[in-house]
Amino acid sequence: MQTVITTSPAEAAAILTRGGLVAFPTETVYGLGADAFNEDAVAKIFVAKMRPSDNPLIAHIGRPDQINELAAEVTESAKLLIGEFFPGPLTIVLRRSKRVPDVATAGLDTIGIRMPAASTAKEFLIACGTPVVAPSANLSGRPSPTTFEAVLEDLDGRIACILKSDATDIGIESTVVDCTGDVPLLLRRGSISLEQLRSIVATTAAAADDDMIASRSPGTRHRHYSPRARVKILTAEANIENYLYSGGRFAYIGFRLVDEGFVFAKTCSNMVEYAHELFEFFRECDRHGIEEIYCDAVPEHGLGAALMDRLRRAAED
Ligand code: TXA
Ligand code: MG
């Protein structure tokens, strides 16, 4: 398949409404979209990404009223969080309407809904006129793509179209909150922090452990965000000198100034920059056959909690 590359949201939307798969930029990462109500198109996502079929997709909307096409019921807590954080990097899980095909939600009776804030995403979703289900636009198991080039690397020839734009603003995926019950439950950390959610709905809980999350959100069971290189997390006390000059093809990302001894080293001036750069750095390391990537740990609050979640998943064996 010849993948069309365009900067026109209208052209990309026309391809999507004809049943094609379109990768598009959001403020978090690039997504791989299909018309949420076209069962055959949705099924193609799992083939193109080589994604396990038990991993549910997030539905993206351009207008708030589209929530009613997707959700059977909008709970009070959902209304509060939507009022505060839509459009933005937040996914709300609700009971789904019968219109949504089973394949989109991996058979769950719920659906994740998100309204991106990035202007290209907004224009594209408005032009589509239909909700668009989209996972991150990477091959399954690879780091989420934050640049057009990363999408091309994984999906060129496998999808109908890429809507090309700049690198995404945030660089890690949306916060996912289950709002089906009385108490909102944080399923995946993202740049909207638990503290921010609690400032709107004070009872918001963090899912206690991975088993609990996996039972509500099957996708989290799968290996994620992983470069081919081994990822090692450096605590603040770790002495970087111990990892230098050992002869391996090693790389480093974090806050320290390291001049020599690593094939690649990226020094970030703050946490926002670290989150923005991380996945592309992982990919750059893979392009150059790096064996080990050393990553500074960060304090676990706000965006730092999301960043540590991604680092830990990438560091899993
Ligand atoms: O920022 C993002 O969320 C990006 C952009 C493209 O919007 N999308 C993204 O999608 O990261 P994906 O498929 O890579 O991750 C979706 C996550 C998975 O952990 C999945 O299990 C969870 O959301 N999820 C989706 N639908 C769910 C549902 N109905 N119930 C619980 N978890 C759900
Ligand atoms: Mg993903």
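See the structure printed just above.
No experiment lies behind these values; they were computed from the predicted model shown. Each chain carries its own residue numbering, running from 1 in the written order of its sequence. A letter from A marks each chain and a number from 1 marks each ligand, given out in the order of writing. Since the coordinates come from a predicted model, pLDDT governs what is reported: local features require at least 70, and pairs of side-chain atoms require 80 or more to be given and counted, while whole-chain, interface and lining totals use all residues. The side-chain quantities take in all heavy atoms of the structure and omit both hydrogens and water.

Enquirer: Got a sec to walk through the state of the cysteines? Specific residues and values, please.
Expert: Disulfides are defined as cysteine sulfur pairs within 2.5 Å. Under the defined criterion, the tally for this structure stands at 0 disulfides. C128 takes part in no disulfide bond, and the closest cysteine sulfur, belonging to C161, lies 9.9 Å away.

Enquirer: A description of the sheet that holds strand β7 (residues 132-134) should follow, citing residues and the corresponding values.
Expert: When DSSP finds two or more bridges between a pair of strands, those strands are recorded as paired. Runs of E in the DSSP output that reach at least two residues are strands. Runs of H or I that reach at least four are helices, and both are numbered from the N terminus. Strand order in this open sheet of 11 strands is β1-β8-β2-β3-β7-β4-β6-β5-β9-β10-β11, and the pairing throughout is mixed. One side of each edge strand has no neighbouring strand; the edge strands of this open sheet are β1 (4-6) and β11 (205-206). Strand direction decides the pairing type here: strand β5 (residues 90-95) and strand β9 (residues 175-178), joined by 4 bridges, are parallel. Looking at the pairing, I92 lines up with V177 of β9. The contact criterion used throughout is that any non-hydrogen atoms of two residues lie within 4.5 Å. To get an axis, a line is fitted to the C-alpha atoms, and for a helix only the part in contact is used. The angle between two axes follows their N-to-C directions and goes from 0 to 180 degrees. Sheet strands touched by helix α4 (residues 76-85): β5 and β9. Its angle to β5, the strand with the most contacts, is close to 155 degrees.

Enquirer: Give a detailed account of helix α5 (residues 119-128), specifying residues and quantitative values.
Expert: Residue burial is assigned from relative accessible area. The probe radius is 1.4 Å, only protein chains are included, and a residue is buried under 20% of its type maximum, exposed over 50%, and partly exposed in between. Among all positions in α5, only A121, F124, L125 and C128 are buried. End-on view of α5: buried residues confined to an arc of 95 degrees, all on one side of the axis. On its buried face, α5 is in contact with α1 (9-17), β2 (22-25), β4 (58-60), β7 and β8 (161-163). Where α5 ends, the next residue or the one after it, G129, has phi of about 75 degrees, a positive value. The directions considered for the arc are those from the helix axis to the C-beta atoms.

Enquirer: Describe the side chain of S77, with residues and values.
Expert: Structurally, the position occupied by S77 is in helix α4. In this structure, S77 is in contact with C179, G181, D182, P184 and V201, ignoring residues within four places of it in sequence.

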